[in-house]
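# Coordinate inspection notes
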Amino acid sequence: MTGSGVHGANFWQQLPRPIVGLAPMDGVTDHACRHIQKKYGCPAVVYTEFVAVERLRVGDWSLLKDFRYDESQRPVVAQVYGHTPALFEQMAILLCELGFDGIDLNMGCPATQIVHRGSGAGLIRTPLLAQELVRATRRGVEAWQNGANVQEIPELAPHLVEQVVGWRAQLPPAFQRRRPVPVSVKTRIGYAVPQVREWIPWLLECEPAALALHGRTLQQRYSGSADWEQIGLAAELARGSDTLLLGNGDVGSYSAALQRCAAYGLDGVLIGRGSNGNPFVFSLEQPQDRYRLLRVALEHAQLHEATGDRRPGRFLAMRKHLGWYARWVPAASALRRALVESTTAAEVAALLDAYFLQRRTWEPANVAGGGNGGKTVIDWM
Ligand SMILES: Cc1cc2nc3c(=O)[nH]c(=O)nc-3n(C[C@H](O)[C@H](O)[C@H](O)COP(=O)(O)O)c2cc1C
């Protein structure tokens, strides 16, 4: 169910298969992005950007900013990373209090500074610690089910406790109810070389609700192509267990996602970069009106501005999305250049107005693939 619908104990098991979800992307899939992806593409599940469990100790606004979401995004999974079991346990209590549908542990990030601390994909080399993190997170969920609350998280600053209590009070009652929030893992197929046969059984042993597997090693980072044979092998290892297996890597369309699921016996697929500037990647039918993506871009920019923090430069994070939206539109290179330098949503609106005005003046509406279909500047909104 979506929207304000109620998920049972393990929402993963209730999702229709195959599951085609939005992969977490730091600096991309923030609150506004997920809202837009969900509204226009309706991915079956979305994740937050990854958040360090160590942020619990920092005590500033940065802890909660990436955990903002709205009801339209459900099921929404909070993703965290780190290497200290006690912090995962505390973080789990916080995430349950915030009403998330699931908690995901990142064991796939290849960033050097994260891997060197033994977090992200660095955990592939320390499988016992990886298991302990899953179990610690589950202990946190159980403690919360048994009545633990945000006031009892020793690391959390009092003003953040107050903020969490406020957020929780606004959740629909079903999501305030204490329930067994499922714990999942997202990882890669290996460290230096594919090692699915060695690595994946460690994870399956602690029975995560879902395992999302990016078909590259840590050392590959984003180079080469995702190895779907290795993902298929992991699906074989997971068969018969209660863990859902989701493949990930280089999927660029909904039909390709369905094809991967069928070919490799998967429960689902996560799409990451293929969704950039195109939420319709989650549907079989692409919109006939290619300018529609520019309307979505403006809505995204307005939401980004309305829901982001107010620090100067905050709009910078929106610019890459604008570039991505514009790349789908024919003959829009000048518009694209202007959009990626914009600083406010009002500026984006003005640029799009000017673009449509110009197209109406200079391009006949009946040219195949060109023109704006005879719309006036006001119509395009
Ligand atoms: C900019 C960017 C940020 C990412 N951030 C995260 C993250 O926060 N957590 C995570 O598990 N994976 C992260 N990933 C990896 C993606 O979730 C996904 O595994 C990867 O991009 C491969 O899938 P794709 O080919 O569909 O993009 C990130 C990828 C990119 C490109």
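What you see is a predicted model; the values in this text were computed from it and never measured.

Next up on the list: empty space enclosed by the protein. Inspection of every chain in the model, using the stated rule, returns 2 cavities of 30 Å³ or more. Approximately 40 Å³ is the volume attributed to the second largest cavity. Lining the second largest cavity are Leu-22, Met-25, Val-28, Thr-29, Cys-33, Gln-37, Ser-275, Asn-276, Gly-277, His-300, His-321 and Tyr-325. At the level of secondary structure, the elements contributing two or more residues to the lining of the second largest cavity comprise α2 (31-40) and α14 (316-326).

By the assigned domains, the protein chain splits into domain 1 (11-282) and domain 2 (292-380). On the side of domain 2, 17 residues touch domain 1, which itself brings 19 residues to the contact. For the pairing of domain 1 and domain 2, the buried interface totals around 1600 Å² over both sides, and the portion due to carbon and sulfur atoms is 61%. By the criterion of area lost to domain 2, the three top residues of domain 1 are Ile-36, Asn-276 and Gly-277, representing 29% of everything that side buries. Here domain 1 and domain 2 share 2 salt bridges between them. Between Glu-299 and Lys-39 there is a salt bridge, with the nearest N and O atoms lying 2.5 Å from each other. Sort the elements by how many residues they give to the side of domain 1 that touches domain 2 and α2 lands first, with 7 residues.

Right, let's talk about the layout of surface pockets for a bit. Reported here for the largest pocket is a volume of approximately 550 Å³. In terms of lining residues, the largest pocket is bounded by 26 residues, among which Pro-24, Met-25, Lys-186, His-214 and Tyr-222 are the most central. When contributions to the lining of the largest pocket are tallied by element, the ones reaching two or more residues are β6 (183-190) and β9 (268-271). Here the lining of the largest pocket takes 3 residues from β6, the largest share from any one element. Within the lining of the largest pocket, the residues separate by chemical class into 11 nonpolar, 10 polar and 5 charged.

With that out of the way, let us pick up the side chain of Thr-187. Considering the arrangement of structural elements, one finds Thr-187 in strand β6. Looking at Thr-187, the relative accessible area reads 1%, which means it is buried. Within polar-contact distance, the side chain of Thr-187 engages the side chain of Trp-199 at 3.0 Å. When sequence neighbours within four positions are dropped, the list of residues in contact with Thr-187 reads Met-107, Gly-108, Ile-124, Trp-199, Ile-200, Leu-203, Leu-211, Ala-212, Leu-213 and His-214.

Definitions and cut-offs
Residues numbered from 1 in each chain as written. Predicted model: local features only at pLDDT ≥ 70, side-chain atom pairs only at ≥ 80, totals over all residues. Heavy atoms only, no water. 1 Å grid on protein atoms, 1.4 Å probe; cavity = no way out; pocket = protein on both sides within 12 Å on 5 of 7 lines; lining within 4 Å. Points joined across faces, edges and corners; volume = space filled by probe spheres on them. Helix = DSSP H or I, 4+ residues; strand = E, 2+ residues; numbered from the N terminus. Domains from an automatic or database assignment. Contact = heavy atoms within 4.5 Å. Buried area = accessible area lost by both parts, 1.4 Å probe. Salt bridge = Lys/Arg side-chain N within 4 Å of Asp/Glu carboxyl O. Nonpolar A, V, L, I, M, F, W, Y, C, P; charged D, E, K, R; others polar. Buried < 20%, exposed > 50% of the residue type's maximum accessible area, 1.4 Å probe, protein only. Polar contact = N/O pair within 3.5 Å; in protein donor to acceptor, adjacent residues only side chain to side chain.

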